[in-house]
Amino acid sequence: QGDRVETYRELESVLQGDDGCLTSGVVNRLIAEVSSDMRAAQGVTDDVKTAASDVLVALARSHFHFVMSELQSHLKVMGKVPDETVLLTLGKMARSYALWCIPFVGMTLLALRTMLSRVGSGRILRAICSVLEQWSKGVNTYFCNREQCPFPLNGKAQLCEDIYPVFRYAVVNWLGCEEEEDKQAVLGAVAAMMGVLLHEEQHREHAWEQLLWLLHQYQEVRDTSRVTKSLIYVLETLEGVQTPIPQGMAVAISTAVHRQLSEVTKGPGPAHKAVLSRCIILQAHMCPEETVMFLHSQLSGGSEASRVAALGLLGALAHSDAPATGEKLPQVVEAVRSVCNDPSALVRRAVLEFIRELLSSGSQSCWAWDVVGHIFNEFSRTSGRLVRAE
């Protein structure tokens, strides 16, 4: 088995540099051998199956239709859910060859719909979620790069119609799953399908409904970084389609992100914090007024951690070069001035960090220096009181 894995790895490396010189006979024999290992019920380890899957994906670089036809044939077997490795390979195909997969979206999702009722939980559910996530992201890639697609163009409306029934099934049947791995898989799939449906007005409302569910997952899953990645994916899609965020939804997003950054006991790591901040920046591009007002409100009350988190997000906005947030810079700076006298050392340090972000942004506005001057005035006044007290 170990030798077989090594052989597959070497073959994968060769195929990645193949220029399509293999004859159809050799290609068909290779696909048959690899496919047999991928679908073996026993006697073949998971490592061999994974290596075989990677060979098939590498072969698709020069013989895409051969490989896709093989995978589609396994999807169409009536009354049977495909092997997990076949499903995972379909996901890899969309991740590696998104635009080439577009003509196969309708038939792939239709085949998946016929087997959804036979999927409970566990590895097959997660494999199907992987297919849905990667193929939905592939459709979004197509929407952004339609002119580069090597096949006749498909309409947005039709692709959304292909995805919507599967999306509704997932929403009705999978959102309440219990296992952490299942939750994470469903989260990724639903968010990716939401990203597609946001492109069509008739489906947009259904996508918005599930955004609140997505935000609620911060309380439901142990690894919240996946929630944040899904959220930023949806926000990036919204920015691309230039769709306004509904009233109240911006506050819900800001509240969820701010709460994560305010966590004291199990707060996010540096990388996760950066992605959370990016979420607020993206939202501010689309609704700057609501975003700044929310963060300003967090400075006037709440915990020390809450004020520090709000200052950090305001600093990220100040550093952003987006015109929409730049117009709100005076309002942002005025909000920060209101906490310069905060008794908390952590808050005052966060104010200094905000100033650093503001000055490093290259802004030519005098507002940054107004805050600097205000802080020095407060420092001088405080020092004067200490001297008189001595």
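Residues numbered from 1 in each chain as written. Predicted model: local features only at pLDDT ≥ 70, side-chain atom pairs only at ≥ 80, totals over all residues. Heavy atoms only, no water.

**A short note on the packing of helix 8 (residues 123–144) against helix 9 (residues 156–173)**
To characterise two packed helices, one gives the angle between the axes of the helices and the distance between these axes. Packing of helix 8 against helix 9 brings their axes to within 11 Å, and their N-to-C directions diverge by 165 degrees. With respect to their mutual orientation, helix 8 and helix 9 come out roughly antiparallel. In this structure, helix 8 crosses over helix 9, and the sense of that crossing is left-handed. Where helix 8 approaches helix 9, its residues Leu132, Ser136, Val139, Tyr142 and Phe143 are matched on the opposing element by Lys156, Leu159, Ile163 and Val166. Its residues assigned to classes, the contact of helix 8 with helix 9 comprises 7 nonpolar, 1 polar and 1 charged. (Axes fitted to C-alpha atoms, helices over the stretch in contact; angles between N-to-C directions. Helix = DSSP H or I, 4+ residues; strand = E, 2+ residues; numbered from the N terminus. Parallel < 35°, antiparallel > 145°, perpendicular 65-115°, else oblique. Left-handed = near helix turned anticlockwise from the far one by under 90°. Contact = heavy atoms within 4.5 Å. Nonpolar A, V, L, I, M, F, W, Y, C, P; charged D, E, K, R; others polar.)

**Description of the packing of helix 16 (residues 304–319) against helix 19 (residues 345–360)**
Interaxial distance between helix 16 and helix 19 falls to 8 Å at its minimum, and their mutual angle equals 5 degrees. Classified by the angle their axes make, helix 16 and helix 19 are roughly parallel. Note on element contacts: helix 19 touches helix 16 through Leu346, Val347, Ala350, Val351, Phe354, Glu357, Leu358 and Ser360, opposite Glu304, Arg307, Val308, Leu311, Leu314, Gly315, Ala318 and His319. In terms of residue class, the contact of helix 16 with helix 19 is built from 10 nonpolar, 3 polar and 3 charged.

**With respect to the side chain of Glu84**
Relative to the elements of secondary structure, Glu84 occurs in helix 5 (residues 84–96). A polar contact is formed between the side chain of Glu84 and the side chain of Arg123, at a distance of 2.8 Å. Residues contacting Glu84, with those up to four places away along its chain left out, are Arg123, Ile124 and Ala127. (Polar contact = N/O pair within 3.5 Å; in protein donor to acceptor, adjacent residues only side chain to side chain.)

**Looking at the pattern of salt bridges**
As a working rule, side chains carrying opposite charge can pair if their charged atoms are close by. The final tally for this structure, using the stated rule, is 14 salt bridges. The residue Arg126 makes a salt bridge to Asp182 at a minimum N-O spacing of 2.8 Å. A residue pair is termed long-range when its members are at least 10 positions apart, and Arg126 in helix 8 and Asp182 in helix 10 (residues 180–197) qualify at 56 residues. Of the residues examined, Asp182 reaches a relative accessible area of 2% and is grouped as buried. With its nearest N and O atoms 2.8 Å apart, the salt bridge here joins Glu133 to Arg226. Separated by 93 residues along the polypeptide, Glu133 in helix 8 and Arg226 in helix 12 (residues 225–241) bring together distant segments of the chain. (Salt bridge = Lys/Arg side-chain N within 4 Å of Asp/Glu carboxyl O. Buried < 20%, exposed > 50% of the residue type's maximum accessible area, 1.4 Å probe, protein only.)

**Re helix 4 (residues 64–75)**
The terminal C-alpha atoms of helix 4 lie 17 Å apart, and with 12 residues this matches the ideal 16 Å at 1.5 Å per residue to within 8%. Among the residues of helix 4, those classed as buried are Phe64, Val67, Met68, Glu70, Leu71, Gln72, His74 and Leu75. Where helix 4 is buried, its residues meet helix 2 (24–38), helix 3 (46–59), helix 5, helix 6 (98–101), helix 7 (105–113) and helix 8. (Expected span 1.5 Å × (residues − 1).)

**Examining the confidence of the model for the chain**
Per-residue pLDDT for the chain averages 86, and the proportion of residues at 70 or more is 88%. Below a pLDDT of 50 lies the segment residues 385–390, which in the model reaches 0 contacts outside its immediate sequence neighbourhood of four places, other chains included. (pLDDT = per-residue confidence, 0-100.)

**Remarks on the UniProt feature "transmembrane region" (unreviewed entry) in the chain**
In the numbering used here, UniProt assigns the feature "transmembrane region" (unreviewed entry) to residues 97–116. Segment residues 97–116 splits into 65% helix and 0% strand. End C-alpha atoms: 25 Å apart. (UniProt positions renumbered as here; feature names shortened; annotations may be inferred.)

**Considering unusual backbone geometry**
The phi dihedral of Gln242 falls on the positive side, at around 55 degrees, and the residue is not glycine. Looking at where Gln242 falls in the secondary structure, it is placed in the loop between helix 12 and helix 13 (249–261).

**What to know about the side chain of Gln210**
Among the structural elements, Gln210 can be located in helix 11 (residues 201–216). If sequence neighbours within four positions are ignored, Gln210 has contacts with Phe167, Val171, Leu175, Val190 and Met194.

**Observations regarding the environment of His216**
As for its placement among the helices and strands, His216 is situated in helix 11. Take His216: its relative accessible area is 39%, and that puts it in the partly exposed class. A C-alpha to C-alpha distance of 8.2 Å links His216 and Ala256, two positions 40 residues apart in sequence.

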